Amino acid sequence: MGKVKDPQTGRASDAPFTGHLDLQRVGTLGHSMGGGGVMQQVSDKRHDDWPAGVKVKAAVGLAPTATWENEPVTKVPLAVLWGTCDQVNTGEYVKWNRKDNKAPLHGITLTGGNHNYFNTQWSPGSGQVAGANDAIPGESSGRCVSQDGTDQQHQGLDEVTQRRIATSYTVAFFRRYLMGDMSTQPLLTGREKPADVPDVVKVEYVKPH
């Protein structure tokens, strides 16, 4: 208690969450190593490690690392977002789990997206040390080299656009699987596109077996 600050006054707040949080419908999200941690947390063999009374009902990995020997994630609705110019990670989790998934699986690929732009602190606009566009530069300005095995020249996304796309799909995903809002399903299956963003997203939807 007392460690949460009121955003308006800056003063410590008791933040009484009792009765306001449904720990039976928890959603988790992480980027890079944090995304890998999310994948590990919801992997099939780690459900018994969840705190008593907590159930994770949906998970999103933003360019998640794959450093935990491909622990299967088949029982929790899962979305993986990554960019084609991300030279750190790929959407391998979808490929690894697509044959055995017992819960919906969504692979969301951003053409021209890179690793750092999902994160406001790692992007150049933050002014932070080492904040950068970490994609491999293409042959012309604004282009980047795809890391999907084709070495194509893709038009790189800017920071704002990449995060706007990520936000659209993340909010839609959690609304669908934590709140039961079926109106977001067309976006999550690729039948609809988010408004006010370029048509650079490929969605792979794998139904539960």
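Preceding this paragraph is the structure being described.
Residues numbered from 1 in each chain as written. Predicted model: local features only at pLDDT ≥ 70, side-chain atom pairs only at ≥ 80, totals over all residues. Heavy atoms only, no water.

(A) Fine view of the layout of surface pockets. By volume, the largest pocket is sized at about 310 Å³. Together, 17 residues line the largest pocket, and Trp82, Gly91, Thr109, Lys202 and Glu204 are the ones closest to its centre. Secondary-structure elements contributing two or more residues to the lining of the largest pocket are β5 (78-83), α2 (92-97), β6 (105-110) and β9 (201-206). Residues that form the lining of the largest pocket fall into these classes: 4 nonpolar, 7 polar and 6 charged. (1 Å grid on protein atoms, 1.4 Å probe; cavity = no way out; pocket = protein on both sides within 12 Å on 5 of 7 lines; lining within 4 Å. Points joined across faces, edges and corners; volume = space filled by probe spheres on them. Helix = DSSP H or I, 4+ residues; strand = E, 2+ residues; numbered from the N terminus. Nonpolar A, V, L, I, M, F, W, Y, C, P; charged D, E, K, R; others polar.)

(B) Highlighting the sheet that holds β9. Strand order in the open sheet made by the 5 strands is β3-β4-β5-β6-β9, with mixed pairing throughout. Each having just a single partner strand, β3 (26-31) and β9 make up the two edges of the open sheet. Taken over all neighbouring pairs, the strand axes of this sheet differ in orientation by 10 degrees on average, direction set aside. Bridge count for β3 against strand β4 (residues 56-62) is 6 bridges, and the pairing is parallel. Looking at β4, one finds that Thr28 is bridged to Ala59. The sheet strands contacting helix α1 (residues 33-42) are β3, β4 and β5, and the helix crosses β3 at an angle near 145 degrees. Each of β3, β4, β5, β6 and β9 touches helix α3 (residues 159-179); the most contacted strand, β4, lies at about 165 degrees to it. (Pairing = 2+ DSSP bridges. Axes fitted to C-alpha atoms, helices over the stretch in contact; angles between N-to-C directions. Contact = heavy atoms within 4.5 Å.)

(C) Seen up close, the environment of Glu139. With respect to the secondary-structure elements, Glu139 resides in the loop between β6 and β7 (143-145). Note on Glu139: relative accessible area 75%, which makes it exposed. Through-space distance from the C-alpha of Glu139 to that of Gln153 is 7.5 Å; in sequence the pair is 14 residues apart. (Buried < 20%, exposed > 50% of the residue type's maximum accessible area, 1.4 Å probe, protein only.)

(D) Highlighting the side chain of Thr109. Among the secondary structure elements, Thr109 is positioned in strand β6. In this structure Thr109 comes out as buried when scored by relative accessible area, which is 18%. In terms of polar contacts, Thr109 uses its side chain to reach the side chain of Trp82, at 3.2 Å. Leaving out residues up to four positions away in the same chain, Thr109 has contacts with Trp82, Thr84, Val200, Val201 and Lys202. (Polar contact = N/O pair within 3.5 Å; in protein donor to acceptor, adjacent residues only side chain to side chain.)

(E) The pattern of salt bridges, seen in detail. As enumerated under the stated definition, the model contains 8 salt bridges in all. Of the charged contacts in the structure, one is a salt bridge between Glu92 and Lys95, with a shortest N-O distance of 2.9 Å. Note that Glu92 and Lys95 are positioned in helix α2 at a spacing of 3 residues, about one turn of the helix. Owing to a relative accessible area of 28%, Glu92 belongs among the partly exposed residues under this scheme. Because the salt bridges share partners, they merge into one network encompassing Lys45, Arg46 and Glu71. (Salt bridge = Lys/Arg side-chain N within 4 Å of Asp/Glu carboxyl O.)

(F) Spotlight on unusual backbone geometry. Unlike most non-glycine residues, Ser32 shows phi in positive territory, near 60 degrees. Here Ser32 shows up in the loop between β3 and α1. One non-glycine residue with positive phi stands out, namely Asp196, at about 65 degrees. Among the structural elements, Asp196 can be located in the loop between α4 (185-189) and β9. Taking the relative accessible area as the measure of exposure, Asp196 reaches 70% and is therefore exposed.

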